[in-house]
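# Fold and geometry: a report
Here's the letter readout for the chains.
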Amino acid sequence: MTSPGESHSPAKATEPSNRQEPSHNALTTSDSGGVMGDRVFSGLALLAGVAILITLAFVAIFLSFNSVGAVYREEEGLILRQFLEYAYPLVIGTLIASLIALVLATPVAVGVALYISHFSPPRLSKSIGYLIDLLAAIPSVVYGAWGMSFLGPALVPVYGWLHQHLGFIPLFAGNPSQTGRTIFTAGVVLGVMILPIITSVCREIFIQTPKLHEEAALALGATRWEMITMAVFPFARAGIISGVMLGLGRALGETMAVALVLSPGLLTASLISSGNSTIPAEIALGFPEAPPGSERQAQLIAIGLVLFVITLIVNMTARWIVNRHKDFSGAN
Amino acid sequence: MSKSITAKDLNVYYGDFLAVEGVNIEIAARSVTAFIGPSGCGKTTFLRSLNRMHEVLPGARVEGQLLLDDDDIYGPGVDPVTVRSMVGMVFQRPNPFPTMSIRDNVLAGYRLNGARMSKSQADGIVEGALRGANLWNEVKDRLDKPGSGLSGGQQQRLCIARTVAVKPEVILMDEPCSALDPISTLAIEDLISELQKEYTIVIVTHNMQQAARVSQKTAFFNIAGTGKPGKMIEYAETSTIFNNPTNQQTERYVSGKFG
Amino acid sequence: MSQTQQQLTSASVEGPAGPARQNDFDPSSILRPTSLTQNRMPWWTGLAVLAVSALFGAALSSLISFNFALWFVFTAVLYVMISYAVTRAKVNRRQARDKMWKNLVYLAFIIALLPLFSVIWSVTSIGIPGLLEPGFLASDMQGIDGTTDQRSQEEGAPVLGGIRHALVGSLLITLTATFISVPIGLMTSIYLVEYARGGKLSRAITFFVDVMTGIPSIVAGLFGAAAMGWFLGVGNSLGLPLPSRSTMGITAAIALSVLMIPVVVRTTEEMLRVVPNELREASYALGVRKWRTILKVVIPTAISGIAAGVTLAIARVIGETAPILVTAGFVVSNNWNLFQGWMTALPVYIFRQFQNPTSPNFSDPSHQRAWAAALVLIIIVMGLNLTARIIATIFAPKKTGR
């Protein structure tokens, strides 16, 4: 790594020592203050970059440190089993809610992205993009309120119908909720929230589809849909996957919507009755009440760490796919 | 003002890639020297090594000696910034600073370095530089308008005024007319002949008529093939290069047989 | 009709005459229709199909119990199916498939707009009465208890209490977070764009900034709380006069910075990369040092984009609830001191009013306040987004003429 302070000086390294030095070189009389300015400024820039790395490391360190109390008790030693029993329903609940969100949001998001990139009137496509981005601008607590007061009650008859006709499937067994505050409602709200994320990633990729490929398909007499399957989708496959992964990362970590919508409870397979909880909601509801330094607080920080690790893996996979794709498309 | 340039066995590298090899040249003060040659032959690279601008790209370095009068530009302890304040440069495409007015563009060399001056001093510099660039009459009423509002040719003369304003010893021009129409090109060429009275000028051009019109001496660069280093093939009076060059490659190039 | 022609041709090719007749085979007959207008349907077909499906949709939904949602669902499904069938019968299979997917894509777009309008409609329609309550913006929740709300709900007394303390808290916390994040984020992007040369460090920074954009906001909050708790613990054990609890405004600002820095880095980096290299070179060629070039040429050229990016970052964090909830807590009264005591932010206020109404049995006044606060929050966020767009378009430097 070249130190940025020497950004001007690659030539210095090559100065042959046997070069004849003129007795006096007018070019060396330079203001030292300016050179200092360069050093200080590039040093600050480097410092800021390193600070980000350190912060991220601290996030991991502090969370690990503070969660020790959840898996270790002085009298009993390691209580890992106890913690796992506490954590696994929450992990599963988080996954269920996120999966519902993904299943609902992905087709719609890909469709919307296609609409913006290939179907909408070209003059309007930018404004339509902004409109969809507005979905991302609405604060999560507002989505939570909406899901709790509007979407939930609106879905109550649907849950009733599902229970009546499909109640033999475990997913729709159990007492259908009368308030609609179920994990499925939470999943729908999460789906709405991650829709703009998946859309914007897909849109970017769809727009980048090489015009040559598209025109080649159209010139052969392909319909628009055939052109999209021949030229756009193969080009965008990795982008769509990474967009979905980013959406998943967001859904996993989303707190407020779930905390407000869901009336939490024990783990259950039923999507339409109250029950289940997610990690972020559990933390948000429990943390303000947990006394500092208590085992309860350590427990909450520990599941926070679990959530951090899960989202880290999901996001890193997504980025990895994007970066691999970047090289791939660059080669073409 | 105005200094000569001498290159001795100059090699220019980008990382491990030898871009220009073994250039020996003496450019007299107060003269116009043209670099001609096919694309990719290293003439622009060599030009940019004359004020260490090529170092903006990572891994760039030189071997050999490059003297400004008697001082080695690449000597130990030499600050590239000082070199550049003495060897100015005009680029292929006009690039006035879009956030600055015409007046501030001319003063950019001072302002960006944080120099303080009185308003009358500044006015004097602006007027002198713009007159020197044959632009004063066209812009004197709109000095506070953005420089990007000018036509391409005017913008390029503004860039020359910006370079002239800091009173460099040498002015390098990298195909300054390639983005301009014929009328603007003529205006720039006239300007070059006038600037020559005070400055050492080195110009890279693809237009051989232009080289013939503005320069006293011409250097022909060529490249043996892709991946090979560029070399200076011949350097002589412009009339010699164009009328009876000694090297066969030069003859083939100036008579339009390749490149 | 190409469908039948296609069958005819293939039949004749495989016919009894066999290979000998293959010479007469004209490939165009299976590839394209005989007339240029053959594959078009009259312009009113779409409208007719829509009308039919709307009618049947209404009929079907009233079989169950008529409501607009059900009507919409049935109409959409019927429209997609009928137009597929019509196109397939009248034109061909390929066109029909094209039509079906086109309809589905349009449908996806409409579905995506539904929640947007639903959310905005519900917030404005419920929020406005609360917002018009006198003193809503100017008072806090001091002295508002269950009996006050009970009186409002049962006797129709005006709903008291407001969001002044929450506005103050949001403002202080967000501004502090901005003051922390912008210098770090801007300097990092300057490092990445101007100084780093694709080395390991810069790649690591880029990668981890990407990772940081994905940190769940609640985790950022936990980090803020844990880090401040540790810092205060160390400080107190050294005998420094520090508060004993980490719950205060500055902790929330630090937590928000963790979320904000990556956004600032990403947007400013993009903006700095767009600045043409020619401008940097022009500045270098005038003998200007790199740091002055960056400060006086690169940043001024990119400033509108940077400002827009920072505004968007503010818009993102001002709506965050979870990290503030676990770091700054919530109080009923004004607190101007970032370094002492609990502090309420607007999103936390909304959350608390919903989750723990001031009077558990008479929750209407609390909900009214919450919706009004949500409306205020949405107005702030949308306003910030709009401001960002305006900054980006109006103050963008004019392109250099070419």
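Residues numbered from 1 in each chain as written. Chains lettered and ligands numbered in written order. Predicted model: local features only at pLDDT ≥ 70, side-chain atom pairs only at ≥ 80, totals over all residues.

## Some thoughts on the overall build of chain A
What counts, and what does not: Only DSSP runs of H or I covering at least 4 residues are called helices, and only runs of E covering at least 2 are called strands; the numbering of each starts at the N terminus. A residue is called partly exposed when the number of other C-beta atoms within 10 Å of its own lies between 12 and 20, exposed at 12 or fewer, and buried at 20 or more, with C-beta atoms placed from the backbone. Here, residue contact means that the backbone-derived C-beta atoms of the two residues sit within 7 Å.
Scanning chain A from N- to C-terminus turns up twelve helices and two strands. Ordered by position in the sequence, the α and β elements of chain A form the string α-α-α-β-β-α-α-α-α-α-α-α-α-α. Scored against the burial criterion, the 332 residues of chain A give a buried share of 46%. Taking as baseline every contact in chain A between residues at least 6 positions apart, the subset at least 24 positions apart corresponds to 80%.

## Some points on the overall build of chain C
Each helix and strand counted, chain C has 15 helices and zero strands in total. Put simply, chain C has 402 residues, and 46% of those count as buried.

## Here's the deal with the domain arrangement of chain C
All names here are of chain C. Filter applied, for reference: All domain edges in this entry derive from an automatic or database-based domain assignment. Note that Gly is not counted as nonpolar here; it falls among the polar residues with everything else outside the nonpolar set of Ala, Val, Leu, Ile, Met, Phe, Trp, Tyr, Cys and Pro and the charged set of Asp, Glu, Lys and Arg.
Along its sequence, chain C is carved into domain 1 (42–132) and domain 2 (164–394). A straight line from the C-alpha centre of domain 1 to that of domain 2 covers 41 Å. Contacts between the two partners involve eight residues from domain 1 and, on the opposite side, eight residues from domain 2. When grouped by side-chain class, the residues that make up the side of domain 1 that touches domain 2 number five nonpolar, three polar and no charged.

## Some thoughts on the interface of chain C and chain A
Many descriptions give the size of an interface as the accessible area lost when the pieces come together. Counting from both sides, the interface comprises 75 residues of chain C and, opposite them, 72 residues of chain A. Among the elements that line the side of chain C that touches chain A, the one with the most residues is helix H5 (residues 93–132) of chain C, at 19 residues. By residue class, the composition of the side of chain C that touches chain A is 52 nonpolar, 13 polar and ten charged.

## Comments concerning the nonpolar core
Here is the rule: In these notes, a nonpolar core means any group of buried Ala, Val, Leu, Ile, Met, Phe, Trp, Tyr and Cys residues linked to one another through C-beta atoms within 7 Å.
Grouped together as the largest cluster of nonpolar side chains are 276 residues, with contacts concentrated most on A:Val142, C:Phe223, C:Ile350, C:Ala373 and C:Ala374. Ranked by residues supplied to this core, first place goes to helix H7 (residues 183–208) of chain A with 16 residues. Setting aside residues up to four positions removed in sequence, C:Ile350 forms contacts with A:Val141, A:Ala145, C:Ala370, C:Ala373, C:Ala374 and C:Leu377.

## A word on helix H12 (residues 290–318) of chain C
All names here are of chain C. Selection rule: A helix is expected to span 1.5 Å multiplied by its residue count minus one. A residue's bend is given by the angle between axes fitted to the 7 residues ending at it and the 7 residues starting at it.
The end-to-end C-alpha separation of H12 is 35 Å, well short of the 42 Å expected for 29 residues at 1.5 Å each. When the local axis directions of H12 are compared, the greatest deviation, roughly 60 degrees, occurs at Ile303. Here H12 lies mainly inside the structure; 23 of its 29 residues are buried.

## As for unusual backbone geometry
Residue and element names in this part refer to chain B. Although it is not a glycine, Arg52 sits at a positive phi angle of roughly 60 degrees. Position of Arg52 relative to the elements: it lies in the loop between helix H1 (43–49) and strand S4 (60–68). A count of 24 C-beta atoms within 10 Å places Arg52 in the buried class. With a phi close to 45 degrees, Glu175 is a non-glycine residue in the positive phi region. Positionally, Glu175 belongs in the loop between strand S7 (170–174) and helix H8 (182–195). On the neighbour-count criterion, Glu175 (21 C-beta atoms within 10 Å) is buried.

## Notes on the packing of helix H8 (residues 200–213) of chain C against helix H10 (residues 249–274) of chain C
All names here are of chain C. This is how it is decided: Only the stretch in contact is used when fitting a helix axis, every axis being a line fitted to C-alpha atoms; angles between N-to-C directions are given from 0 to 180 degrees. Just so you know how the angles are binned, under 35 degrees is roughly parallel, over 145 roughly antiparallel, 65 to 115 roughly perpendicular, and the rest oblique. Left-handed describes a crossing whose near helix is turned anticlockwise from the far helix by less than a right angle; the clockwise case is right-handed.
Viewed as axis vectors pointing N to C, H8 and H10 meet at an angle of 130 degrees, and their least axial separation amounts to 8 Å. Overall, the two elements H8 and H10 adopt an arrangement that is oblique. Crossing geometry of H8 relative to H10 is assigned as left-handed. From H8, Val209, Met212 and Thr213 reach across to H10, where they touch Ile261, Pro262, Val263, Val265 and Arg266. Its residues assigned to classes, the contact of H8 with H10 shows six nonpolar, one polar and one charged.

## Structural notes on the confidence of the model for chain C
Residue and element names in this part refer to chain C. Note the cut-off: pLDDT gives the predictor's per-residue confidence on a scale running from 0 to 100.
Residues of chain C with pLDDT of at least 70 account for 88%, and the chain-wide mean is 83. Taking the mean pLDDT of every element in chain C, the minimum, 44, falls on helix H1 (residues 2–13) and the maximum, 93, on helix H7 (residues 164–195). In the predicted structure, residues 1–21 sits below a pLDDT of 50 and forms eleven contacts with residues beyond four places in sequence or in another chain. The complex prediction reports pTM at 0.81, with the ipTM value standing at 0.83.

## Let's talk about helix H4 (residues 68–90) of chain C
Residue and element names in this part refer to chain C. Compared with the 33 Å implied by 1.5 Å per residue over 23 residues, the 32 Å span of H4 between its first and last C-alpha is a close match. Along H4, the residues classified as buried are Phe74, Thr75, Tyr79, Val80, Ser83, Tyr84 and Thr87. The elements touched by buried residues of H4 are helix H3 (45–64) and H5.

## Quick notes on the packing of helix H11 (residues 277–285) of chain C against H12(C)
If you want to describe how two helices pack, look at the angle between their axes and the distance between the axes. Residues and elements named next belong to chain C. The contact between H11 and H12 brings their axes to 10 Å, and the two run at 155 degrees. In terms of orientation, H11 lies roughly antiparallel with respect to H12. Pair H11 / H12 crosses with right-handed handedness. Taken together, the residues of H12 that come into contact with H11 (itself represented by Leu279, Arg280, Ser283 and Tyr284) are Thr293, Val297, Val298 and Thr301. Among the residues forming the contact of H11 with H12, the class breakdown is four nonpolar, three polar and one charged.

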